[in-house]
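Residue-level listing of the chains:
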Amino acid sequence: MIGVGKTKQYASVLDKPLSRGRQEVSLSAFAFLFSELVQYNQTQVDNIAELERRLEDAGYAVGARVLELLCHREKVADSLEKGTEHEDEYMISEKELLANRFISVPKDMGAFNCGAFVAGIVKGVLDNSGFPAVVTAHFVPIEGQHRPRTTILIKFAEEVGVCIV
């Protein structure tokens, strides 16, 4: 029988593999898509704070969907740093955050941080897991380096404080 192959049946879309073969997304495709997202939102706002909020909102929606997939695939995070100044703060630091890697920020936009998108993803995952938090992205200078690292600061709501070990 030519042209007839075995097709694997899945109970639901969540059981399907994330990709067919290659286990990665094209970096250039991500950079282009993310650049378009930033440029579009830039035309819709009047200030940098609003632009960062819109990126966070977009990231939040992605985070909610990521949580659904991760829960069904039983994956966990690699590491998380606990803040030293406050019991309810945690930090995720990235030397070269992908969302900031290919973005050139004009001088008139000051300290605009596309990491707000990643902060939104983290917030989406946490809120939809029942751990409400304020999640923000910050640049942290690295001595001897031209580009700062990005730190995602997570400050859990008071009602979560009793659950944190």
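Note that this is a predicted model, so its numbers are computed, not measured. (Residues numbered from 1 in each chain as written. Predicted model: local features only at pLDDT ≥ 70, side-chain atom pairs only at ≥ 80, totals over all residues. Heavy atoms only, no water.)

Q: Go over the pairing of strand S2 (residues 89-94) with me, naming the residues and quoting the values.
A: Of the strand pairs in this sheet, strand S1 (residues 81-82) and S2 are connected by 2 bridges, and their pairing is antiparallel. Bridge pairing links Lys 82 to Tyr 90 in S2. Hairpin connection of S1 to S2: 6 residues between the antiparallel strands. With 6 bridges connecting them, S2 and strand S4 (residues 149-156) associate as antiparallel partners. The residue bridging Glu 94 from the neighbouring strand is Thr 150, located in S4. (Pairing = 2+ DSSP bridges. Helix = DSSP H or I, 4+ residues; strand = E, 2+ residues; numbered from the N terminus.)

Q: Which residues make up the nonpolar core, and what values do they have?
A: Within the largest apolar cluster, 13 residues are counted, with the highest numbers of intra-cluster contacts made by Phe 34, Val 38, Leu 55, Phe 112 and Cys 114. Among the elements of the structure, helix H1 (27-42), helix H2 (48-73) and helix H4 (115-128) are those that each provide at least two residues to this core. Ignoring anything within four residues of it in the chain, the contact list for Cys 114 reads Phe 34, Val 38, Leu 55, Ala 99, Asn 100 and Ile 103. Judged by nonpolar contacts, the second largest core, of 11 residues, contains Tyr 90, Val 135, Ile 152 and Val 160. (Core = buried A, V, L, I, M, F, W, Y, C linked by side-chain atoms within 4.5 Å. Buried < 20%, exposed > 50% of the residue type's maximum accessible area, 1.4 Å probe, protein only. Contact = heavy atoms within 4.5 Å.)

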